[in-house]
Amino acid sequence: MEVVTVSPKYQVVIPRSVRERLGIAPGQKVQALVHDGRIELIPLRPARELRGFLRGIDTTIERDADRE
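Right, let's walk through the structure included here. Remember, it's a predicted structure, so these values are computed and weren't measured experimentally. (Residues numbered from 1 in each chain as written. Predicted model: local features only at pLDDT ≥ 70, side-chain atom pairs only at ≥ 80, totals over all residues. Heavy atoms only, no water.)

**A few points about the overall build of the chain**
Turning to step 1, where the next piece is worked out: Each helix and strand counted, the chain has two helices and two strands in total.
Turning to step 2, where the next piece is worked out: Helices and strands appear in the chain in the N-to-C order α-β-β-α.
Turning to step 3, where the next piece is worked out: Taking 11 Å as the expected radius of gyration for a compact globule of 68 residues, we find that the chain reaches 19 Å, considerably beyond that expectation.
Turning to step 4, where the next piece is worked out: Seen along its three principal axes, the alpha-carbon backbone of the chain occupies a region of about 60 × 30 × 20 Å.
Turning to step 5, where the next piece is worked out: Put simply, the chain has 68 residues, and 4% of those count as buried.
Turning to step 6, where the next piece is worked out: The contacts of the chain with a sequence gap of at least 6 include a subset with a gap of at least 24, amounting to 3%.
Turning to step 7, where the next piece is worked out: Split by element, the accessible area of the chain, about 7100 Å² in all, is 53% carbon and sulfur.
Turning to step 8, where the next piece is worked out: Of note, the chain has its 12 positive side-chain charges centred 14 Å away from the centre of its 10 negative side-chain charges. (Helix = DSSP H or I, 4+ residues; strand = E, 2+ residues; numbered from the N terminus. Rg over C-alpha atoms; globule rule 2.2 N^0.38 Å. Buried < 20%, exposed > 50% of the residue type's maximum accessible area, 1.4 Å probe, protein only. Contact = heavy atoms within 4.5 Å. Areas by Shrake-Rupley, 256 points an atom, 1.4 Å probe, with all protein chains shown as cover. Lys, Arg positive; Asp, Glu negative; His and termini not counted. Charge placed at Lys NZ, Arg CZ, Asp CG, Glu CD.)

**Focus: the pattern of salt bridges**
Turning to step 1, where the next piece is worked out: All told, the structure shown has one salt bridge when counted by the stated rule.
Turning to step 2, where the next piece is worked out: Of the charged contacts in the structure, one is a salt bridge between Glu40 and Arg38, with a shortest N-O distance of 2.9 Å.
Turning to step 3, where the next piece is worked out: Judged by relative accessible area, which is 24%, Glu40 ranks as partly exposed. (Salt bridge = Lys/Arg side-chain N within 4 Å of Asp/Glu carboxyl O.)

Fair warning: the whole summary comes from geometry, so function is off the table for now.
In structure tokens, the structure reads:
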């Protein structure tokens, strides 16, 4: 677990190990969310990069009789 300090300008530095693990590059956008009392930074990815990420997912679900 990495610990960071909030600067007087409310800035934080994402530790190198985290940046490398997530492939975060300088200038890349991240989405900041508050969830269950914590801050989550989610790297935004270009739509083209996400193409096919659900390949192989099981899409079979039990449907209501009136939806078949």
